[in-house]
Amino acid sequence: MFTTILPAIIVLVLLSLLSALILSYANKKFKVELDPRVSEILKKLPGANCGGCGYAGCSAFAESSVNGVEGVCPVTDEKTKALIAKILGKDCSSKEKTQARVYCSGATNIAKDNKAYDGIKDCVSAKAFGGSSKACAYACYGFGTCVKICPFYAITIENGLAVINKNKCTGCGLCVDVCPQHLIRLTDIKKPVFIPCSTQNKAVISKKNCDASCIACMKCVKECPSQAISIINSHAVIDYTKCTDCKKCISVCPVKIIREV
Amino acid sequence: MLFTFKKGGVHPKDSKYSAKKEIVQLKTPDYVQINLNQHIGAPAKAIVKIGDSVKKGQVIAEPTSFVSSYIHSSITGQVSKIENNFIKIDKTEESEDYIKLEIEGKNLSEIVKLAGIVGKGGAGFPTHVKISPQNPETIDSIIINGAECEPYLSSDHRIMIERSLNFIEAIKIVQKHFQSKPKVYIGIEINKTDAIDKLNKLLANETNIVVCPLKTRYPQGGEKQLIQAILKREVPTDKLPFHIGVIVLNVGTILAIYDAVINKKPLFETTVTISGDCINEAKNYIIPVGTTLNYIIEQCLIDKNKISKIILGGPMMGNSVSDTSLGINKTCSGILFFSKTLSLNERDCINCGMCADVCSLGLIPTKFAKFSKINNMEDALAHNIMDCTECGCCSYICPAKIEIVQWIKLLKNNIRNKKKDGK
């Protein structure tokens, strides 16, 4: 019995030796040179593939950084940014950390309705086909398209208004792009004062549409010691390059629309 | 023998309450608000200023590109407001007269362009562009769309009965415009036997114009469905009817062509079916372009408090509006006032396949809704989402109450925007 099986064993052993030779040759000849820095950087990145850096995912960002293209992962903290820079042998220039804020306060019953909306619960769809039930044409629709896109679960809809959790927001910017009313903007976290109203209607109309509305009375404009506030398109806007966070504007606003995040 | 498209479709209740009554002229309103964007293509540009006096039929806005249209004043009066893409004109006198078009020596395309005629089937495609395709010698068939398959609407029906001779004369004018001597097929649904019988009698001696009775089924009046039903040809993806030698024109558009050529009259009023359950007597009215919904509600004796939903167009494909201070467009052929509205709660798809059964274009609507919810444009394009004509059969039949057409419109919009950005 052994003699009948012996040729089979020999053939198999020879075949496996041949495959091993071919594979080890191929391993050497067709080896892909991977820069080890790419995987080192990848380990430091959050791995959420949010696209905040402008690339398709964390590995794409790691590769482009190693190839010398300047970039930033807005989600990582300063310490991690410095570590990544060290791996690349570069300096890390600090940029102020920003977070997304919703520039509208029109929750249900604060922003009045003037029609009923029967369509699908999607903000982009509502914008394309006539708006939501709210009378103010510039209000948050509250259907949650921003909620769906946030990879960090930082946004919720409360009473028909989008609310961003500042403990979870990483400033990746995906919600900014998706909001069809352009109500979400990235703001420096070191400047907590903001004016969450984006109405473009004159005060007479705006006040009828929403209890929270900015009325462009200009008290804040006059009060600000650094001239950081101006009225643009019928609502007050803070210029954050001038704002010193003195909070004087909050105390003079008669409708209490100037808030702290 | 009844023509019909080969698969799918639905049959909602006809509700043609206004079909037996004659068209009536609506009293001229005290002011009109005429939109500058009433057609497919670039919006027209105002050529009048606030304070100008304008006569009925006078040009108040010019086209801004090849695919665009002239807009005319529908009343004699004074311009009081120009903003946000509309012109408001206050009436200064009642007048039957209008500024006549200067059409001496002009060909049909030029006349139709000067008259501001756009597709009255609802889409508003500039007609002068439609009747001037790149290779006119390849046009062998013209289909006149008298299907009027939407429930409630009957303006085309009444035009075919009350203005039959004008209607036929205009068809011959369009037919002559094409050197290739195309054959004309008038598609009319079988629920309009009076129109079919009358036209058959009047066309008894014509060999090149035939009436094609159609099965009453929605969306019989869709141009792709009509071409498939009558000529057994299919319009390829991303192509238009003229690519396969066919031109499709609406009944209202044909009548506008008659008025332009024979009466030198520009398009400044439209025949509209006013119906729904808030009105005692549903009827067709000739209404000046720019007449506000508020005025129509008042004139037609509709109780404003009863109204829960207003739809411009038919209940299947029309758009609902909430602002009654808006003026109507020249493409408007129906305004429906309903006392009840449906607030549906979407549930998850149960994969029953009924939407695919009713889709007359052979698409799978439930897939599009699923792709749309996650904004998956690639797969939607691979499944030919751009072929969808948004007829609404899928939303109508869905037992899970999914607003399929709205999801499809959203994704198509995103795809178009992405293409625009990409360019």
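Residues numbered from 1 in each chain as written. Chains lettered and ligands numbered in written order. Predicted model: local features only at pLDDT ≥ 70, side-chain atom pairs only at ≥ 80, totals over all residues. Heavy atoms only, no water.

Asks: Please give an account of the sheet that holds strand β7 (residues 76-83) of chain B that cites residues and values.
Replies: Residues and elements named next belong to chain B. With antiparallel pairing, the four strands of this open sheet are ordered in space as β2-β8-β7-β4. The sheet is open, and its two borders are formed by β2 (31-35) and β4 (53-54), each paired with just one other strand. As defined by bridge partners, β4 adjoins β7 across two bridges and the pair is classed as antiparallel. Within β7, the position partnered with serine 53 by the bridge is glutamine 78. (Pairing = 2+ DSSP bridges. Helix = DSSP H or I, 4+ residues; strand = E, 2+ residues; numbered from the N terminus.)

Asks: Report on the pairing of strand β10 (residues 183-189) of chain B, specifying residues and quantitative values.
Replies: All names here are of chain B. Burial runs high along β10: six of the seven residues are buried. Pairing analysis gives six bridges linking strand β9 (residues 141-146) to β10, with the strands arranged parallel. Opposite glycine 146, over in β10, you have isoleucine 188 as the bridge partner. As paired strands, β10 and strand β11 (residues 209-214) are joined by six bridges and run parallel to one another. In the strand pairing of β11, isoleucine 188 is matched with proline 213. (Buried < 20%, exposed > 50% of the residue type's maximum accessible area, 1.4 Å probe, protein only.)

Asks: Can you tell me about the pattern of salt bridges, naming the residues and giving the values?
Replies: Counted under the stated rule, the structure contains 21 salt bridges over all chains. Taking the shortest distance from any N to any O, the salt bridge between A:Asp122 and A:Lys148 comes out at 4.0 Å. Taken together, the residues span a long stretch of sequence, with A:Asp122 in the loop between β1 (98-102) and α5 (123-128) and A:Lys148 in helix α6 (residues 145-149) at a distance of 26 residues. Residue B:Glu234 is joined to B:Lys6 by a salt bridge in which the shortest nitrogen-to-oxygen separation is 2.8 Å. A residue pair is termed long-range when its members are at least 10 positions apart, and B:Glu234 in the loop between α6 (223-231) and β12 (246-250) and B:Lys6 in the segment before β1 (24-25) qualify at 228 residues. Given the relative accessible area of 52%, B:Glu234 is considered exposed. The exposure class assigned to B:Lys6 is exposed, which follows from its relative accessible area of 63%. Each of the salt bridges in this network shares a partner with another, and the network as a whole consists of A:Asp245, A:Lys247 and A:Glu260. (Salt bridge = Lys/Arg side-chain N within 4 Å of Asp/Glu carboxyl O.)

Asks: Any chance you could break down the packing of aromatic side chains for me, citing the residues and the numbers?
Replies: Considering all chains together, one arrives at seven aromatic pairs over all chains under this definition. The interplanar angle of 85 degrees and the centroid separation of 5.4 Å between the aromatic rings of A:Tyr103 and A:Phe194 together place this pair among those described as edge-to-face. Here A:Tyr103, found in the loop between β1 and α5, pairs with A:Phe194, found in strand β5 (residues 193-194); they are 91 residues apart in sequence, far enough to count as distant. Take A:Tyr103: its relative accessible area is 7%, and that puts it in the buried class. Seen from their ring centres, A:Tyr141 and A:Phe143 are 6.5 Å apart, and the 40 degrees between their planes marks the pair as tilted. A residue is classified by how much of its surface remains accessible, and A:Tyr141, at 9% relative accessible area, is buried. Residue class for A:Phe143 comes out buried when judged on its relative accessible area of 18%. Linked through ring pairs, A:Tyr117, A:Tyr141 and A:Phe143 together constitute an aromatic cluster. The side chain of A:Arg185 reaches across the aromatic face of A:Tyr103, ending 4.4 Å from its centre. The ring of B:Tyr98 carries the charged tip of B:Lys100 above its face, separated from the ring centre by 4.8 Å. (Phe/Tyr/Trp six-rings, centres within 6.5 Å; stacked < 30°, edge-to-face > 60°. Lys NZ or Arg CZ within 6 Å of the ring centre and 35° of its normal.)

Asks: Explain the side chain of B:Asn166 to me, and be specific about the residues and the numbers.
Replies: Inspection of the secondary structure puts B:Asn166 in helix α4 (residues 164-177). With residues up to four places along the chain from it excluded, the contact list for B:Asn166 reads B:Leu255 and B:Tyr258. (Contact = heavy atoms within 4.5 Å.)

Asks: I'd like to hear about unusual backbone geometry, residue by residue, with values.
Replies: Cis peptide bonds are those with omega within 30 degrees of zero, and the linkage from B:Tyr218 to B:Pro219 qualifies with 5 degrees. By the element assignment, B:Pro219 lies in the loop between β11 and α6. Although it is not a glycine, A:Asn159 sits at a positive phi angle of roughly 55 degrees. Assessed through its relative accessible area of 59%, A:Asn159 is described here as exposed. Even without being a glycine, B:Lys264 presents a positive backbone phi close to 50 degrees. Within the fold, B:Lys264 resides in the loop between α7 (251-262) and β13 (269-276). Classification of B:Lys264 by relative accessible area gives partly exposed; the value is 27%.

Asks: Outline the pairing of strand β14 (residues 283-288) of chain B, supporting the account with residue identities and numerical values.
Replies: In regular strands, side chains alternate between the two faces of the sheet. All names here are of chain B. Counting buried residues along β14, five of its six residues qualify, which places the element largely inside the surrounding structure. Here β1 runs beside β14; their pairing, made up of two bridges, is parallel. Paired with glutamine 25 across the strands is isoleucine 286, a residue of β14. As defined by bridge partners, β13 adjoins β14 across six bridges and the pair is classed as antiparallel. Considered in β14, the bridge of threonine 270 is made with isoleucine 287. The antiparallel pairing of β13 with β14 creates a hairpin that spans six residues between the two strands.

Asks: Tell me about the interface of chain B and chain A, residues and numbers included.
Replies: Counting residues at the interface gives 13 residues for chain B, matched by nine residues for chain A. Between chain B and chain A, a total of about 920 Å² is buried, with carbon and sulfur atoms accounting for 58% of that surface. For chain B, the biggest contributors to the area lost against chain A are B:Gln406, B:Trp407 and B:Leu410; these three give 44% of the whole. Counting every contact that joins chain B to chain A gives one salt bridge. Among the ionic pairs, A:Asp118 bridges to B:Lys309, the shortest N-O distance being 3.0 Å. Inspection of the region where chain B meets chain A yields three residue pairs in polar contact (both at pLDDT 80 or more). A per-element tally of the side of chain B that touches chain A places helix α13 (residues 404-422) of chain B first, with six residues. (Buried area = accessible area lost by both parts, 1.4 Å probe. Polar contact = N/O pair within 3.5 Å; in protein donor to acceptor, adjacent residues only side chain to side chain.)

Asks: I'd like a rundown of helix α4 (residues 78-88) of chain A, residues and numbers included.
Replies: Residue and element names in this part refer to chain A. Among the residues of α4, those classed as buried are Thr80, Lys81, Ile84, Ala85, Ile87 and Leu88. The buried residues of α4 occupy an angular sector of 155 degrees when the element is viewed end-on, so they sit on one face. Opposite the packed face of α4, turned more than 90 degrees from it, sit the exposed residues Lys79 and Lys86. Those residues of α4 hidden inside the fold are in contact with α2 (36-44) and α3 (58-66). Count one or two residues on from α4 and you reach glycine 89, which has phi positive near 70 degrees. (Arc of directions from axis to C-beta.)

Asks: Give a detailed account of the nonpolar core, specifying residues and quantitative values.
Replies: One recurring pattern in soluble globular proteins is that nonpolar side chains are buried together. Of all hydrophobic cores here, the largest spans 41 residues; its most connected members are B:Ile144, B:Phe167 and B:Ile186. For this core, the element with the highest residue contribution is α7(B), accounting for seven residues. (Core = buried A, V, L, I, M, F, W, Y, C linked by side-chain atoms within 4.5 Å.)

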